[in-house]
Amino acid sequence: MNQSNIKQCDKYQAYELNVSQYADEPEICAAIDLLAQDDLAIRITLVGGVEIALDIENITKCCQESFLSLQLVDNTELLGSALVQEMAQENTVHGIVVKRLLELSRSTTDEHQLRIYDLTLRELLSRFEMMQGENR
Amino acid sequence: MILRSLELKSFGQFIDQKYEFRRGINLVIGPNEAGKSTMMEAVPAVLFGCKDKKRFRPWARSQHCSASLMLENQQYNISIERDIDTDCIELRQADDLYQEQCNLVATVPVDGHCVAKLDYLHLLKKFIGISDERLFRSSLFLGQGDFPSNAEEIKRHMRTLLSGFARGDSTLVLQSIQDDYLAITNDAPWLNKQVSARELEAVQDALDDVYAQREHMQQLKAEAQHLSQQIEVLQQNVANDRREYEKGVEYLVWIQQQWQLAANGAVTSSEKPAPSCADKEDDSAEIAALERERNHLQQILVSAGLPEALPAELPSLLVAADEIRCALVALQQQTIPLHKEVDALRFPQTKRWLLISLLMVASLAGVSFLWPQYLAPASITVGATLAICWGSFAWRYRRQKLAQCHLEQQIAAIDLQRAQERSHLKELDDDFESYGFASSAIAMVKMQKQLQGHEHIVQRLAELRLLLSPNESPSSGGDPTEDGCSAEDEEIEACQDQHSDALAKHLHPDELPAAQQNLAELQKVIKKQEVELLALLRQEAVLQERLSAAEQLGTTETELRHSLDELMQRKEVLGCAYQVLTDAMSEFSHTNLRALEEEVGKYLRQATMGKYVAVEITENYALRLRRAGQRGKSSPLENLSRGTIDLVCLATRLALTRFLANDEFLPFFLDDALVNLDSDRLLETVDALERISTDHQIVMFTHDERLYKLASRRRWHIVSLGLRSKRRKVNKKEEVSANDGQLSLL
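Residues numbered from 1 in each chain as written. Chains lettered and ligands numbered in written order. Predicted model: local features only at pLDDT ≥ 70, side-chain atom pairs only at ≥ 80, totals over all residues. Heavy atoms only, no water.

(A) Representation of the overall build of chain A in the model. Summing up its helical and strand segments, chain A has five helices and four strands in all. Order of helices (α) and strands (β) in chain A, N terminus to C terminus: β-β-α-β-α-β-α-α-α. Counting only residues that meet the buried cut, chain A has 47% of its 136 residues in that class. In chain A, the share of contacts with a sequence separation of at least 24, taken over all contacts with a separation of at least 6, comes to 66%. By element, 46% of the accessible surface of chain A is carried by carbon and sulfur atoms, the whole surface being about 6,900 Å². (Helix = DSSP H or I, 4+ residues; strand = E, 2+ residues; numbered from the N terminus. Buried < 20%, exposed > 50% of the residue type's maximum accessible area, 1.4 Å probe, protein only. Contact = heavy atoms within 4.5 Å. Areas by Shrake-Rupley, 256 points an atom, 1.4 Å probe, with all protein chains shown as cover.)

Laid out in structure tokens, this is it:
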């Protein structure tokens, strides 16, 4: 793992991990495991763009045994995802929802509002996904 | 676009089998467990991968599960091959002359995302118009239960597909968002009715309560501060008043004693001419007791080796003598090391140098005897060496002498100090001797210790002497004469006059009750203040207890704030989601429904052979059909026959497929979708399918004999699976044998 992606924020063992270069959750877990110490209580803030919303609970479950205590904070950004851009091209309500959120996010520079749009996108995608269930 | 071929290399029960398909209707027929569904599932499995890797793994084989397909349209061919286990895909695009134009070989995981997967999905979108598996499945696949039997089901299917879902629809999502939003807050701009307060309002109220309590705490804090100031002032007042009271009481006692003494003096003077000597005799008993005590104490002192009458300067003299002796001892200790150093410097170490000189002279003599030719240089060397040695010795000796002089000067200075101290001691000794004491150091130390041991006796003696001194006659030991008594009386009178003058400045006996009353009032005031102070202290304790709850309040406030922030963010997110979804649904209805109407109408005209020419789709996706020749008049779908509903269903599904795939004519897969139809409806539906399959490729998977017969008659492309092929072989054999039988009969 590139150490430049990890920035020690303060003396309370808080770290910031840029996950934009990792393809999936196992790779992120591997990156977190590089920080592993049995006696370390750590809070990792995940930042950077992601293609799909991360399952923070699953990542925490995978990595928590390597630490005394592990707390993950998801501050990743989904709005820039190429997959989301693809979704916006669908001729469905789903596609229009994504397209509208992308337009809204492009129309503002307010950090708080951008975060709200990002969370809204996650919320809607999660609800769509729940509605579909498992298709395979 | 059509599915040209499907090659199942190791896929389920298929091992290295390739199936070709044609334009129009293709029928894949086979009994149950023949692999129809597996073959149909191979299409999305190749395109999008499979999460459950074991699902299509070859039975009792260790090979990797893999399959490939070829899609074709008028411009290009696309071949996609996927290893289901490793998700390694190979996509090749060639033009109509089979010239390769695009090639992508990559690992495209089902879960997770990488650049290769994004590229692959982009290519899928470009070639087949759909890059989402969910949309692909829901739009292109029609299962047995998916064939709607009434208008309501068609409406629901349309709503689901146009929402971009496989099941459920956007209105359900909207409802769930609204429910969650209303669970958080009642502040819903889109809701007309008023609902009761929710979690957010409850937290807000709790936080407002905390703020109010905090404000109250601030007031209590100010009150406590004010109270502590009051307490401090009151405590000072009480202390001052109590001090005043005690002073007053002491003063009254003292003044009463003085009045008593003055009254005694007055009585004495009023009883004149009785002689004062007689009065002394009246007090003789008391004086005698005091004198006895004095004599006893004096005897104790004498027995301890101390004189009866100790001079007042004696302790200070003893201390001074002790200090001088200590100083003399210290000076003596300083001189001892100095004397030792002087003794060491007085005698220089010459033996070593003499021995060296003798050795060198002896060696020179040896040289002159053995090697007389080296006598001169040897003599020079020895001479120079001796000169250096003795020069060094002389230099050192001089330094020693200087140090010795310095030390002797120090000793002389100390001796001078000692002489001075001795002279002081001599003076003290003279003083002692003048008092009749021994001046030796031992005697003085002994006396000092005795004096320290009998200090209380010495003090008591001094008091007794002071008491007895006025009673003793000035002529000690002599009898009192009249002259002496009169002189003393005069003196006493003078004293009494002075005392009376002094008392006149103080409190008068008449003023005593008023003073006592004042003191009583002061005491009352003090008591009142003490009661007030006690009440204030209790009040302060209560306030401090209440203020200690402020820390708990801080923790509660932090938790509530955190909770409020979370709820506010959730409210914002859900509100935004609701708004965006509502807008999206509205936008979809306004912009896309007209285009979809045209698309469905086109298919409907083909399916009904022009009987129905147009369709209207309402905002809630209900369909109304317009017959040919009835301009402006349309009938709701539910009023039409079941056969027509089936045709509308097919038309809408194909139109939706095209609409969702961005005008691409994709193959349409029916998995036993028509099996529940009776023969007449089946025929009608198949006829309609034939009419609309001019643009779409239809692939039907079934075990229905009726369809097989129809397919045979109508020259559809038939793919037989499993037992069907065997059965066909058996049938052919039976036919051949029957023919043989007929021929044999002939």
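From this point, the discussion proceeds with the structure in view.
(B) Inspection of the sheet that holds strand β12 (residues 668–671) of chain B at higher detail. Residue and element names in this part refer to chain B. What the five strands build is an open sheet, ordered β8-β12-β13-β3-β14; its pairing is parallel. A strand with exactly one partner marks an edge of an open sheet, and here the two such strands are β8 (141–142) and β14 (717–720). Two elements, β12 and strand β13 (residues 698–702), share four bridges in a ladder whose sense is parallel. Each residue of the ladder has a partner; that of F668, found in β13, is I698. With respect to the sheet, helix α18 (residues 705–714) is in contact with β3 (25–29), β13 and β14, its orientation differing from that of β3 by roughly 135 degrees. (Pairing = 2+ DSSP bridges. Axes fitted to C-alpha atoms, helices over the stretch in contact; angles between N-to-C directions.)

(C) Representation of the nonpolar core. One finds I44 and L124 of chain A together with M39, L47, Y120, L581 and M700 of chain B to be the most contacted residues of the largest nonpolar core, which totals 181 residues. At 24 residues, helix α15 (residues 512–607) of chain B tops the list of elements feeding residues into this core. Formed jointly, this core draws a minimum of three residues from each of two domains, domain 1 (11–77) and domain 2 (82–134) of chain A. Those residues within four positions of M39 of chain B in sequence are excluded, and the remaining contacts are L6, L8, F14, Y19, F21, V28, F701, V719 and L721 of chain B. Core analysis: the next-biggest nonpolar cluster, separate from the first, contains 23 residues, L290, A321, I324 and M444 of chain B among them. (Core = buried A, V, L, I, M, F, W, Y, C linked by side-chain atoms within 4.5 Å. Domains from an automatic or database assignment.)

(D) Region of the structure containing the interface of chain A and chain B. Taken together, the 36 residues of chain A in the interface contact 50 residues of chain B. Between chain A and chain B, a total of about 3,800 Å² is buried, with carbon and sulfur atoms accounting for 61% of that surface. In this structure, the connection of chain A to chain B is made through five salt bridges. Connecting chain A to chain B are 11 residue pairs in polar contact (both at pLDDT 80 or more). Sorting the residues of the side of chain A that touches chain B by element identifies α3 (82–87), α4 (93–106) and α5 (111–132) of chain A as the ones contributing at least two each. (Buried area = accessible area lost by both parts, 1.4 Å probe. Salt bridge = Lys/Arg side-chain N within 4 Å of Asp/Glu carboxyl O. Polar contact = N/O pair within 3.5 Å; in protein donor to acceptor, adjacent residues only side chain to side chain.)

(E) Representation of the packing of aromatic side chains. Residues and elements named next belong to chain B. One pass over the structure, following the stated rule, counts 12 aromatic pairs over all chains. Taking 5.3 Å as the distance between ring centres and 55 degrees as the angle between the ring planes, the aromatic pair formed by Y76 and F127 counts as tilted. Note that Y76 is positioned in strand β5 (residues 76–83) and F127 in helix α2 (residues 115–128), a separation of 51 residues in sequence. Take Y76: its relative accessible area is 13%, and that puts it in the buried class. Classification of F127 as buried rests on a relative accessible area of 2%. Ring centres of F141 and F669 lie 4.8 Å apart, and the angle between their planes is 15 degrees; this geometry places the pair in the stacked category. Note that F141 is positioned in strand β8 and F669 in strand β12, a separation of 528 residues in sequence. Like F141, the residue F669 is buried in the burial classification. (Phe/Tyr/Trp six-rings, centres within 6.5 Å; stacked < 30°, edge-to-face > 60°.)

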